[in-house]
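Observations on the model geometry
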Amino acid sequence: MTNNETELTTLQQQAKIRQNIEKAIINLFASEDEGLRYALSAARQAGLPQIQISPIQGKMLQLLAAACNAHKILEIGSLAGYSGIWLARALTPGGRLITLEVNPEHAGIVRRAFAEAGVSDRAEVRVGKALDLLPQLVSEAPFDLVFIDADKPPYPQYLEWALRLTRPGSIIVADNCVRGGKAFAELGEPQDEATAALVEYNKRVASDPRLVSLALAMDDDYTDGFAIAVVRS
Ligand code: SAH
Ligand code: DHB
Ligand code: MG
């Protein structure tokens, strides 16, 4: 074999090892039940984009919800309810999830998925543009956990609302904050609006003295993941 072929084989072996590790972690810590699988298949059947969080991210949301004793959770961007089911199941007894979704067709699928997963009693979808709905949530604050996973350009605005709607000890999580490294681009690099917003989001959570935060690559073979921020006490 040539040096290039040897190197390729090594890279393929390493990728395979990472995939097997991920599978083993999912098997042991983050397996999906019928309810979660229903949300995935409903999304597929309706032709929705397959952009749900991964099982490992779902379990990470549950771990974070448990860490802050989450009784009230806010999600921005529901799609078909997959992440919402993970979140709703992590609520303390009597707790509530509010999830915001702009697309009424998606919202209908989410309601059905919540029913199938047995979380309709504690999980509610509100239909509209998140930036229109967020001001109405002031009277329902503080939320213990906020999960941001909707359109990317308003991420910095979603962060401002999350800070307004939380308390010391709350946790603010945002998806897609790695984006193959693009979410850390240096100033001056060409960026589309979505990427620029993710770069801005990371800079803000990294430097805001009210937050302790970290971006974690955990998805798509460690090329995307959450930015996690804890509101300081
Ligand atoms: N959190 C979901 C995936 C969300 S995909 C999961 O992991 O299962 C992003 C969703 O945000 C889509 O359903 C899209 O319709 C919705 N969305 C896009 N822009 C929005 C906006 N301005 N306000 C509310 N929802 C929005
Ligand atoms: C896209 C959006 C997401 O929230 C995601 O997790 C992956 C992809 C997208 O809009 O392409
Ligand atoms: Mg996402």
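The sections below set out a description of the structure shown in this document. Here the structure is a predicted model, which is why all the values come from computation and not from measurement.

**A closer look at the overall build of the chain**
Scanning the chain from terminus to terminus reveals 8 helices and 7 strands. For 233 residues, the compact-globule estimate of 2.2 N^0.38 gives 17 Å, and the C-alpha radius of gyration of the chain, at 18 Å, lies within 12% of that figure. Reported as C-alpha extents along the three principal axes, the dimensions of the chain are approximately 65 × 45 × 35 Å. Put simply, the chain has 233 residues, and 48% of those count as buried. Element-wise, carbon and sulfur atoms account for 55% of the exposed surface of the chain, whose accessible area totals about 11500 Å².

**Description of helix H5 (residues 104-116)**
The terminal C-alpha atoms of H5, which comprises 13 residues, lie 19 Å apart, in line with the 18 Å expected from a rise of 1.5 Å per residue. Within the sequence span of H5, burial applies to His106, Ala107, Ile109, Val110, Ala113 and Phe114. One side of H5 holds all its buried residues, which, seen down the axis, span an arc of 160°. Contacts from the buried residues of H5 go to helix H2 (34-45), helix H4 (82-88), strand S2 (96-101) and strand S3 (123-127). One or two residues past the end of H5 sits Gly118, with phi positive at roughly 75°.

**Here's the deal with the site of ligand 2**
Every residue close to ligand 2 is listed here: Ile51, Asp149, Lys152, Asp175, Asn176 and Arg179. A distance of 2.9 Å is found between an oxygen atom of ligand 2 and a side-chain nitrogen or oxygen belonging to Asp149. Take Lys152: an N or O atom from its side chain is 3.0 Å from an oxygen atom of ligand 2. Because more than half of its atoms lie within 2 Å of the grid, ligand 2 is assigned to the largest pocket.

**Looking at the coordination of the magnesium ion (ligand 3)**
Taken together, the protein donors to the magnesium ion (ligand 3) comprise Asp149 (OD), Asp175 (OD) and Asn176 (OD1), at separations of 2.1 to 2.2 Å. The sequence pattern formed by the donor residues of the magnesium ion (ligand 3) is D-x25-D-N. Residue Asp149 is found in the loop between strand S4 (143-148) and helix H7 (155-164), and its partner Asn176 is found in the loop between strand S5 (166-174) and helix H8 (193-207); the two are separated by 27 residues along the sequence. Relative accessible area serves as the criterion here: at 15%, Asp149 is assigned to the buried category.

**Re the site of ligand 1**
Around ligand 1 sit 22 residues in total, of which Ser83, Glu101, His106, Ala130 and Asp149 are the nearest. One of the backbone N or O atoms of Gly77 is found 2.9 Å from a nitrogen atom in ligand 1. Summarising the interface, the protein chains cover 89% of the accessible area of ligand 1, which totals 580 Å² for the free molecule. Most atoms of ligand 1, that is more than half of them, are within 2 Å of grid points of the largest pocket. Within the residue set of the shell around ligand 1, elements represented by two or more residues are H4 and S2. Of the residues in the shell around ligand 1, the class split is 10 nonpolar, 7 polar and 5 charged.

**Here's the deal with H2**
Over its 12 residues, H2 runs 16 Å from end to end, which matches the ideal 16 Å to within 8%, given 1.5 Å per residue. All of the buried residues along H2 are Gly35, Leu36, Ala39, Leu40, Ala42 and Ala43. All buried residues of H2 project into a common sector of 165° when viewed along the axis, lining one side. For H2, the exposed residues lying more than 90 degrees away from the buried face are Glu34, Arg44 and Gln45. Here the buried face of H2 lies against H4 and H5. Sitting at the head of H2, Asp33 places a side-chain oxygen 3.2 Å from the backbone nitrogen of Gly35.

The rules we used
- Residues numbered from 1 in each chain as written.
- Chains lettered and ligands numbered in written order.
- Predicted model: local features only at pLDDT ≥ 70, side-chain atom pairs only at ≥ 80, totals over all residues.
- Heavy atoms only, no water.
- Helix = DSSP H or I, 4+ residues; strand = E, 2+ residues; numbered from the N terminus.
- Rg over C-alpha atoms; globule rule 2.2 N^0.38 Å.
- Buried < 20%, exposed > 50% of the residue type's maximum accessible area, 1.4 Å probe, protein only.
- Areas by Shrake-Rupley, 256 points an atom, 1.4 Å probe, with all protein chains shown as cover.
- Expected span 1.5 Å × (residues − 1).
- Arc of directions from axis to C-beta.
- Contact = heavy atoms within 4.5 Å.
- Near = heavy atom within 4 Å.
- Polar contact = N/O pair within 3.5 Å; in protein donor to acceptor, adjacent residues only side chain to side chain.
- 1 Å grid on protein atoms, 1.4 Å probe; cavity = no way out; pocket = protein on both sides within 12 Å on 5 of 7 lines; lining within 4 Å.
- Sits in = over half its atoms within 2 Å of the grid points.
- Donors = N, O, S within 2.8 Å, 3.2 Å for Na, K, Ca; no water.
- Nonpolar A, V, L, I, M, F, W, Y, C, P; charged D, E, K, R; others polar.

Everything listed here is a matter of geometry and, on its own, says nothing about what the molecule does.
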